[in-house]
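Structural characterization, general
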Amino acid sequence: MVAVDLNADLGEGFGVWRLGDDDAMLGIVTSANIACGFHAGDPAGLLRVCRAAAARGVRIGAQVGYRDLAGFGRRFIDVSADDLLADVIYQIGALQALAQVAGSAVCYVKPHGALYNTIVNHRDQAAAVAEAVRVVDAGLPVLGLAGSAFFDEALARGLRTVPEAFADRAYRPDGQLVSRRQPGALLHDPAAIAERVLSMVTTGRVTAVDGSTIPISVESVCVHGDSPGALQIASAVRDHLKAGGVDVKAFC
């Protein structure tokens, strides 16, 4: 049976400000990319999400990003490789402690936002993130884009790479994501998204914004927890995958 993981970015509130419905999303996804306090999240909130994930048996991943609370980690930062290395080590370590107290553990790492997109091509930053994961725990898999510089650097260090597809984002013909600044970058129709995800998982192909059909590697599917209608989208995706004979389960 074909199997795929379903993940979402969670723990991205801060103080009294809440983003998305983490508790409800944890009832749908199999893996939770939990913020680490640099682009979003505060310690008390992150501990709550870790505890909720542990109670539901949802795997916890460290969602590492640029130090950019004001920009929600969606702005490129020209940080040095040494600084980025230390930043990522710090973030993984912080979430490891919170997850341990919650009775669980960090079992993978996923870059967030601008960092995720930057290390598709930015070799120095890609190497810094991969090296940070290696020195913390070389047994941690990394989520990212197949064919990216990040995956090249991770594989060179013996890390397991888990190719990810996005349920609610449009793709360019080169396989990268359409910028959020561009029209049509975000998808909103739960039924259409669910059918698209099933096709990606079962055929290994997706239709890009120019109408071309491109190959895509999928071991995990991301539904953004902060997107409008996120819960409806995630539920539709999970239900449609199961109806299509796909086993939805964590990859780690």
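Residues numbered from 1 in each chain as written. Predicted model: local features only at pLDDT ≥ 70, side-chain atom pairs only at ≥ 80, totals over all residues. Heavy atoms only, no water.

1. Describing the nonpolar core
Operational definition: By convention a nonpolar core is built from buried Ala, Val, Leu, Ile, Met, Phe, Trp, Tyr and Cys residues, the set being connected through side-chain atoms within 4.5 Å. Relative accessibility under 20% of the residue-type maximum defines a buried residue, over 50% an exposed one, and the middle range a partly exposed one, all with a 1.4 Å probe and only protein chains included. Throughout, a contact is declared for two residues whenever any of their heavy atoms are within 4.5 Å.
L95, V197, V237 and L241 are the most contacted members of the largest nonpolar core, which totals 81 residues. Residues contacting V197, with those up to four places away along its chain left out, are A167, V221, V237 and L241. One finds Y108, L143, V162 and F251 within the second-largest nonpolar core, a separate group that totals five residues.

2. Brief notes about helix α5 (residues 123-137)
Applied cut-off: Secondary structure is summarised from DSSP: a helix means a run of H or I of at least four residues, a strand means a run of E of at least two, and numbering begins at the N terminus for each. To estimate the expected span of a helix, count its residues, drop one, and scale the result by 1.5 Å.
The end-to-end C-alpha separation of α5 is 21 Å, in line with the 21 Å expected for 15 residues at 1.5 Å each. Contacts from the buried residues of α5 go to α3 (81-101), β4 (106-111), α4 (113-118), β5 (142-144) and α6 (149-156).

3. Focus: unusual backbone geometry
Positive phi outside glycine occurs at F72, with the angle close to 55 degrees. Positionally, F72 belongs in the loop between β3 (59-64) and α3.

4. Some points on the packing of α3 against α5
Selection criterion: In this analysis, axes come from line fits to C-alpha atoms, helices being fitted only over the stretch in contact, and the angle between any two N-to-C directions falls in the range 0 to 180 degrees. Working definition: roughly parallel below 35 degrees, roughly antiparallel above 145 degrees, roughly perpendicular at 65 to 115 degrees, and oblique for all remaining angles. Crossings are assigned a handedness: left-handed for a near helix turned anticlockwise from the far helix by less than a right angle, right-handed for a clockwise turn. Three classes are used: nonpolar for Ala, Val, Leu, Ile, Met, Phe, Trp, Tyr, Cys and Pro, charged for Asp, Glu, Lys and Arg, and polar for all others, with Gly counted as polar.
Following both chains from N to C, one finds α3 and α5 inclined at 40 degrees, their axes separated by 8 Å at the closest point. When the axes of α3 and α5 are compared, the pair comes out oblique. The way α3 lies across α5 gives a crossing that is right-handed. Only D124, Q125, A128, V129, E131, A132, V133, V135 and V136 of α5 make contact with α3, whose side of the interface consists of A81, L84, L85, V88, I89, I92 and Q96. Split into classes, the residues belonging to the contact of α3 with α5 amount to twelve nonpolar, two polar and two charged.

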